[in-house]
Amino acid sequence: VSKDRFQELVDDNRIWFGKKGSNVPSLKKFQHEVQDGIVPLTLWLREEVGDNQEAKQDLKKIIKKGSFPFETPKPERLINRILQIATNKNDIVLDSFAGSGTTAHAVQNLNAEDGGNRKFILVEMEEYANSITAERVRRVMNGYGNGKKKTKGTGGSFDYYKLGKALFDENDLLNEEVEESRIREYVWYSETKSPLLRGDLGVCKTDDKAMALYHYLGTKDETDYYFFYEKESITTLNHDFLATIKQKADQYVIYADNCLLSKEFLQSRNIIFKKIPRDISRF
């Protein structure tokens, strides 16, 4: 900060030089200015935020299984404290290594405590993603345990998605084991940043007159998009394919394996050709 700003902070009793006045100056933060009245500390003891043993016992209460693939699960109270300090009531919390689902547990508990509407996104690549991670979230929301030991659910809901096949291989070539409908959805979204809602038109692509209609994806901002793709053969953007396009547009974006049209011709017709990144050497 500038010299003048520093003096303003000193005059406002915002700078602390330590008990003896000889320490490196640091900025003061008063308790009433901190969310929920909690001042961040550099040391959190187990009495305040729990430990790994507590986390293991909590997990066993929620999911009654003989063993868990977690040596050091995070205590819910620890993540709860972090969220109290670091989030607002309408934030989205991302955990890219969800593990046992402690983050979602803490988000739901904190929402129940302060009336927040925080949302969470969990990512987990291991086999226990559904049986432990997602199952813990379900039970925290719905309640778990029996009798006097029953813990009331926090309420709420979430969606569980399973990652499909990779669209591209390690060489950035199209993975043709992926369903064509998924490939078409990806192409449309990558171009327009909107979902492909219309789906496959269901037109018989063996009919030459309907070829372009089958490969037509949709129209966005006066531009027509075509994905000229045949899994078992090479596709070529040429005059024959253009002759099948009957719909007029200000601009055309056409995906194919090859293009026999000159750059000058494409520019004159407002056509953008994009090569499909796949291995065609096998044909």
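Residues numbered from 1 in each chain as written. Predicted model: local features only at pLDDT ≥ 70, side-chain atom pairs only at ≥ 80, totals over all residues. Heavy atoms only, no water.

Engineer: Give me the pairing of strand E3 (residues 92-95): which residues, what numbers.
Structural biologist: Of the two faces of E3, the one holding Val93 and Asp95 is buried and the one holding Ile92 and Leu94 is not buried anywhere. The sheet contact formed by E3 and strand E4 (residues 119-122) spans four bridges and is parallel. Looking across to E4, one finds that Asp95 is bridged to Leu122. The parallel pair E3 and E4 is bridged by helix H5 (residues 102-114), and the resulting crossover is right-handed. (Buried < 20%, exposed > 50% of the residue type's maximum accessible area, 1.4 Å probe, protein only. Helix = DSSP H or I, 4+ residues; strand = E, 2+ residues; numbered from the N terminus. Pairing = 2+ DSSP bridges. Right-handed = clockwise from strand over helix to strand, strands pointing away.)

Engineer: Any details on the pairing of strand E8 (residues 223-227)? Residues and values, ideally.
Structural biologist: Where burial is concerned, most of E8 is hidden: five out of the five residues are buried. Along E8, one buried face is formed by Thr223, Tyr225 and Phe227 and the opposite face, lined by Asp224 and Tyr226, is buried too. Pairing between strand E7 (residues 216-220) and E8: four bridges, direction antiparallel. Of the residues in E8, the one forming a bridge with Lys220 is Thr223.

Engineer: Break down the pattern of salt bridges for me, citing the residues and quoting the values.
Structural biologist: What the rule picks out here adds up to twelve salt bridges. With its nearest N and O atoms 2.8 Å apart, the salt bridge here joins Glu54 to Arg77. Note that Glu54 is positioned in helix H3 (residues 52-62) and Arg77 in helix H4 (residues 76-86), a separation of 23 residues in sequence. A residue is classified by how much of its surface remains accessible, and Arg77, at 30% relative accessible area, is partly exposed. Linking Lys274 and Glu191 is a salt bridge whose minimum nitrogen-to-oxygen distance equals 2.7 Å. Placement of Lys274 in strand E12 (residues 271-275) and of Glu191 in helix H7 (residues 180-192) is noted, with a sequence separation of 83 residues between them. Each member of the salt-bridge network shares a partner with another, and the members are Glu176, Asp257, Arg278 and Arg282. (Salt bridge = Lys/Arg side-chain N within 4 Å of Asp/Glu carboxyl O.)

Engineer: So what's going on with the environment of Ala112? Which residues, and what values?
Structural biologist: On the secondary structure map, Ala112 appears in helix H5. According to the relative accessible area criterion, Ala112 is exposed, its value standing at 54%. Between the alpha carbons of Ala112 and Lys149 there is a distance of 19 Å; along the sequence they are 37 residues apart.

Engineer: Outline the environment of Asn23, supporting the account with residue identities and numerical values.
Structural biologist: Secondary-structure assignment places Asn23 in the loop between strand E1 (15-16) and strand E2 (26-27). In this structure Asn23 comes out as partly exposed when scored by relative accessible area, which is 41%. Along the sequence, Asn23 and Asn90 sit 67 residues apart, while their C-alpha atoms lie 39 Å from each other. With residues near it in sequence (within four places) discarded, Asn23 still touches Phe17 and Gly18. (Contact = heavy atoms within 4.5 Å.)

Engineer: Please provide a residue-by-residue account of the packing of H4 against H5, values included.
Structural biologist: Where H4 meets H5, the axes come as close as 8 Å, and the angle between the chain directions of the two elements is 60°. If you check the angle between H4 and H5, you find them oblique. In the crossing of H4 with H5, the sense of the turn from one axis to the other is right-handed. Of H5, the residues touching H4 (which contributes Glu76, Ile79, Asn80, Leu83 and Gln84) are Thr102, Thr103, His105, Ala106, Val107, Asn109, Leu110 and Glu113. Here the residues of the contact of H4 with H5 are counted per class, giving five nonpolar, six polar and two charged. (Axes fitted to C-alpha atoms, helices over the stretch in contact; angles between N-to-C directions. Parallel < 35°, antiparallel > 145°, perpendicular 65-115°, else oblique. Left-handed = near helix turned anticlockwise from the far one by under 90°. Nonpolar A, V, L, I, M, F, W, Y, C, P; charged D, E, K, R; others polar.)

Engineer: Please provide a residue-by-residue account of the packing of aromatic side chains, values included.
Structural biologist: Aromatic rings considered in pairs are described by the distance between their centres and by the relative angle of their planes. Applying the stated criterion across every chain, the model contains eight aromatic pairs. Centre to centre, the rings of Phe168 and Tyr186 are 5.6 Å apart; their planes meet at 75°, and the pair counts as edge-to-face. Taken together, the residues Phe168 in the loop between strand E6 (151-152) and H7 and Tyr186 in helix H7 connect sequence positions 18 residues apart. Ring centres of Phe227 and Tyr255 lie 6.0 Å apart, and the angle between their planes is 65°; on these two criteria the pair is classed as edge-to-face. Here Phe227, found in strand E8, pairs with Tyr255, found in strand E10 (residues 251-256); they are 28 residues apart in sequence, far enough to count as distant. Across the pair, exposure class does not vary: Phe227 and Tyr255 are buried alike. Stacked on the ring of Trp44, the Lys or Arg Arg81 has its end atom at 6.0 Å from the ring centre. Just above the ring of Tyr160 sits the side chain of Arg138; from NZ or CZ to the centre is 6.0 Å. (Phe/Tyr/Trp six-rings, centres within 6.5 Å; stacked < 30°, edge-to-face > 60°. Lys NZ or Arg CZ within 6 Å of the ring centre and 35° of its normal.)

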